[in-house]
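# What the coordinates show
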Amino acid sequence: METLELNKKEHDELRQGEAFAPFAIDENAFEKKFYIESYGCAMNFSDSEIVASILQDQGFGATKKFEEADLVLVNTCSIREKAEQTVRKRLTEFKKAKQAKPGMLVGILGCMAERLKGKLLEEEKLVDIVVGPDAYRTLPALIKDADTGQKGVNVLLSRDETYSDISPVRLNSNGVTAFVSIMRGCNNMCSFCVVPFTRGRERSRDAFSIVKECEELFANGYREVTLLGQNVDSYHWVDEQKDIIVTFAKLLEMVAIISPMLRVRFSTSHPKDITDEVLYTIAKYENICKYIHLPVQSGSTRMLQLMNRTYTREWYISKVDRIKEIIPGCGISSDVIAGFCTETDDDHKDTLSIMEYSQYDMSYMYFYSERPGTLAARRFEDDVPLEVKKKRLDEIVKLQNKMSFQSNISDIGKTFKVLIEGNSKKSESDWAGRNSQNKVIVFSKGSHNFNKGDYAIVRVNSATGATLIGEIIPN
Ligand code: SAM
Ligand code: SF4
Ligand code: F3S
C-alpha cells in the first residue's frame with residue numbers, strides 16, 4: 001500500500017482511493033441510471049455531487065449497482081501514481097460490464113481525465129467520455145455525442161467556472177455534515193504537485209452563493225459544513241458592483257453567523273497564507289471548529305525550498321506557535337512527504353523533529369511519487385531509493401501514531417461538545433461524532449434521547465490511537 005498507514009480511520013480524506021457509491025434517491029423515479037465512483041480529495045467528492053445534480057436534471061437517477069447503470073462514471077485522482085493505477089484497474093472491470101450490457105457508456109472525470117486527456121479513449125479504448133474538472137456542464141452534450149458513437153471529450157480548463165449556481169445532490173450523505181466548495185484550482189506551484197496542471201488557475205466562488213448553500217443545508221437539518229479549497233486562505237472574492245471584497249476570514253464569519261448551531265470547518269490551509277485575522281475569527285466564534293489542517297510536507301528548509309513551498313522551517317514553527325497562542329487547545333494536523341528528491345537522513349530527521357514540535361493530532365503521510373510534467377519531474381532526479389522512502393515513511397507513521405495516541409490519552413477526563421453523526425461503526429447502541437478538534441468520539445446511547453445531528457456533552461473515559469470513548473453527561 002502506498003500510503004503506509006494513517007492513524008485516524010474515520011477521517012473523510014481517508015476515502016482517498018476508495019470507491020464511493022452514490023446514495024439511493026428513489027431509483028425508480030428516473031428513466032436512466034448513472035453510477036459514480038470517486039477517488040482523491042474532498043474536492044473530487046464534492047465535484048461528484050455537482051455532476052449528480054447536472055445528471056439528475058437530464059433525467060438520470062443514481063444507482064449503487066454499476067452493472068445496472070446506463071452511464072458509469074469514475075471521478076479520478078492523479079496525485080500519486082498508485083491512485084492512477086487503481087483507476088485503470090477499475091476501468092478494465094467496467095469495460096467488461098459494458099460488454100455484458102450493450103449501450104452502457106463509461107466516462108472518466110476529474111484530474112486523471114485532465115492529465116491524460118483523450119488517451120484513455122483513443123489509444124486504450126477504455127472509456128467513451130472524458131471530462132475535465134471545469135467541463136462538467138458539457139456532460140449532457142458529451143453523453144449525446146457518445147450515444148451516437150462520437151468521441152465525447154472536453155478537458156478545457158476555465159478561469160472563471162466555479163459551478164456556483166449548481167445545487168449539489170448530496171451523495172452518501174449522513175444528513176449532518178456536508179462539503180461546500182469555495183474555490184477551485186491552485187496558483188501555487190509546489191514542485192511535487194500535479195494539481196495546478198489538473199485543476200487550473202485558482203478562482204474564488206461568489207461568497208453569497210456559498211452562504212446561500214450553507215443556509216439551505218442548515219435548513220435541511222445539516223449541522224456542519226466544511227469549506228473546501230486547495231488553499232482556502234487565499235480565498236478572495238470581489239463584488240465589483242457593490243464594491244465588496246470578501247477575504248477568507250470574512251467568509252468564515254459570514255458562514256459562522258448563519259447559526260451558532262451550524263459548525264464550520266475548512267480545508268486546506270497553506271502555512272504561508274494563513275493570517276492572524278483568520279486565527280482571531282476562529283477564536284471569536286464558538287461554532288468555527290478549533291482544528292487546522294496545516295500541511296508541512298517537510299521539516300527541512302532545504303527540502304521546502306526544492307518543494308517550492310515558499311516558507312522555511314522557522315516560518316512554519318512560528319505559525320504553529322501563533323495558532324497555539326491565539327486558539328489554545330486547537331487541533332493541528334498535517335501532510336508529510338517522505339523521500340522527496342535529494343532528501344538526506346538529516347533532512348528526514350528535521351521532518352521528524354518538526355512533527356514532534358508541532359505535536360500533530362493526525363497526519364496524512366506519503367512517500368514521494370514523481371508526477372509527469374511537474375516542476376520536480378522536470379528539474380530534479382527522483383533519487384531516493386524506494387526502500388529508503390518506505391523506511392522513512394515508516395518512521396514518520398510510527399511517530400505520528402505515538403503522538404496521536406498521546407494526544408488522545410491526554411483528553412481522558414475532559415468533556416467535549418460532540419456533534420452526533422450517526423451510529424458507531426461497531427455497534428448500533430453507540431453514537432459516533434466529533435468534537436471541535438475533529439477527534440472521533442464514540443459513546444453509549446444509553447437511555448438518553450439524542451438523535452443524529454444533535455449536540456451532546458461527552459466526557460472521555462478512555463482512548464485508542466484513533467478514537468476517544470466516552471459517556472454522555474446529562475444536562
Ligand atoms: N493543497 C493542499 C496543500 O497544499 O497542502 C493539499 C494538496 S494534495 C491534494 C494533498 C497532499 O498530497 C499534499 O499535501 C501532499 O502531501 C501530497 N502529495 C502531493 N503530491 C504528491 C506527490 N507527488 N507524491 C506524494 N505525495 C504528494
Ligand atoms: Fe498542490 Fe501546493 Fe497547490 Fe496544495 S498548494 S494543491 S500541494 S500545488
Ligand atoms: Fe487528486 Fe485532483 Fe484532488 S489530483 S487529490 S483529485 S485535486
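Structure report, in brief. Just so you know, these numbers come straight off a predicted model, no measurement behind them.

The rules we used
- Just so you know, the residues in each chain are numbered from 1, in the order the chain's sequence is written.
- All chains are assigned letters beginning at A, and all ligands numbers beginning at 1, according to the order in which they are written.
- Reporting of local features is limited, given that this is a predicted model, to residues whose pLDDT is at least 70; pairs of side-chain atoms are given and counted only at 80 or more, and all residues count toward the totals for whole chains, interfaces and linings.
- Excluded from the side-chain calculations are hydrogens and water; all other atoms, namely the structure's heavy atoms, are used.
- Secondary structure elements are defined from DSSP: runs of H or I of at least 4 residues count as helices, runs of E of at least 2 residues count as strands, and each element is numbered from the N terminus.
- To get the radius of gyration, use the C-alpha atoms; to get the globule rule, take the number of residues to the power 0.38 and multiply by 2.2 Å.
- Only protein chains enter the accessibility calculation, which uses a 1.4 Å probe; a residue whose area is less than 20% of its type maximum is buried, one above 50% is exposed, and one in between is partly exposed.
- Note on contacts: a residue pair qualifies if any of its non-hydrogen atoms lie within 4.5 Å across the two residues.
- The cutoff for a nearby residue is simple: one of its non-hydrogen atoms must lie within 4 Å of the molecule or strand.
- Note that Gly is not counted as nonpolar here; it falls among the polar residues with everything else outside the nonpolar set of Ala, Val, Leu, Ile, Met, Phe, Trp, Tyr, Cys and Pro and the charged set of Asp, Glu, Lys and Arg.
- Only strands that DSSP links by at least two bridges are regarded as paired with each other.
- For each domain, the first and last residues come from an automatic or database assignment.
- Pairing of aromatic side chains here covers Phe, Tyr and the six-membered ring of Trp, requires ring centres within 6.5 Å, and sorts the geometry by plane angle: under 30 degrees stacked, over 60 edge-to-face, intermediate tilted.
- Among the buried residues, those of types Ala, Val, Leu, Ile, Met, Phe, Trp, Tyr and Cys that are joined through side-chain atoms within 4.5 Å form a nonpolar core.
- Angles run from 0 to 180 degrees between N-to-C directions of axes, and those axes are lines fitted to C-alpha atoms, restricted for helices to the stretch in contact.

A few words on the overall build of the protein. Counting its secondary structure elements, the protein contains 14 helices and 21 strands. Against the 2.2 N^0.38 benchmark of 23 Å for 475 residues, the protein shows a C-alpha radius of gyration of 22 Å, consistent with a compact globule. When its C-alpha atoms are laid out on the principal axes, the protein stretches across 65 × 60 × 50 Å. Evaluated residue by residue, the protein yields a buried proportion of 58% over its 475 residues. Considering only residue pairs separated by 6 or more positions, the protein has 73% of its internal contacts joining residues 24 or more positions apart.

Let's shift gears to the site of ligand 2. Around ligand 2, the neighbouring residues are C186, N188, C190, F192, C193, V195, P196, Q230, H270 and R309. Residue classes in the shell around ligand 2 are distributed as six nonpolar, three polar and one charged.

We now examine the pairing of strand 15 (residues 331-338). Most of strand 15 sits inside the fold, with eight of its eight residues counted as buried. Neither face of strand 15 is left uncovered, since the one carrying G331, S333, D335 and I337 and the one carrying I332, S334, V336 and A338 both have all their residues buried. Relative to strand 15, strand 14 (residues 291-293) runs parallel, the two being bridged by three bridges. Bridge assignment links Y291 to a residue of strand 15, and that residue is G331.

Turning next to the site of ligand 3. The immediate surroundings of ligand 3 are formed by C41, N44, T76, C77, S78, I79, C111, V195, R199 and Q230. Each of two domains, domain 1 (18-154) and domain 2 (177-409), supplies a minimum of three residues to the shell around ligand 3.

Right, let's get into the environment of V155. Tracing the sequence through the fold places V155 in the loop between strand 6 (152-154) and strand 7 (177-181). Along the chain, V155 and V130 lie 25 residues apart, while their C-alpha atoms are 7.3 Å from each other. When near neighbours in sequence (up to four residues on either side) are disregarded, V155 contacts A113, E114, K117, V130 and G132.

For the rest of this paragraph, the subject is unusual backbone geometry. A cis amide bond links S267 with the next residue in sequence, T268, at an omega value of 10°. Tracing the backbone shows T268 in the loop between strand 13 (263-267) and helix 9 (276-284). The backbone phi angle of D243 is positive, close to 60°, even though this residue is not glycine. Following the sequence through the fold, D243 ends up in the loop between strand 11 (236-239) and strand 12 (244-247).

Any two aromatic rings considered together are summarised by their centre-to-centre distance and by the angle between their planes. A complete count under the given rule lists ten aromatic pairs for this structure. Taken together, a centroid distance of 5.8 Å and an interplanar angle of 65° make the contact between Y35 and F66 edge-to-face. Pair noted here: Y35 is in strand 1 (residues 32-38) and F66 is in the loop between strand 2 (60-62) and strand 3 (71-76), with a separation of 31 residues, a long-range link. This pair shows no difference in class: Y35 is buried, exactly as F66 is. Consider the rings of F208 and W237, whose centres lie 5.7 Å apart with planes at 85°: the pair is edge-to-face. Highlighted residues: F208 in helix 7 (residues 207-219) and W237 in strand 11, separated in sequence by 29 residues. Taking the relative accessible area as the measure of exposure, F208 reaches 38% and is therefore partly exposed. Ring pairing ties together the aromatic residues F192, F340, Y368 and F380, which thus form one cluster.

The next subject is the nonpolar core. Counting 58 residues, the largest nonpolar core has L227, Y235, F248 and I292 as its most contacted members. The dominant element in this core, judged by the number of residues it contributes, is helix 8 (residues 248-256), at seven residues. Those residues in contact with F248 that lie beyond four places of it in its chain are I182, L227, V232, D233, Y235, F266 and V278. Listed in part, the 25 residues of the second largest apolar core include I36, L142, Y163 and I166.

Attention now moves to the sheet that holds strand 19 (residues 440-444). Ordered in space as 17-18-19-21-20, the five strands form a closed barrel in which the pairing is mixed. Neighbour-to-neighbour, the strand axes of this sheet turn through a mean angle of 50°, independent of strand direction. Note: strand 19 against strand 21 (residues 467-472), four bridges, orientation parallel. Counted as the bridge partner of V440 is T467 from strand 21.

By themselves, these figures tell us nothing about what the structure is for.
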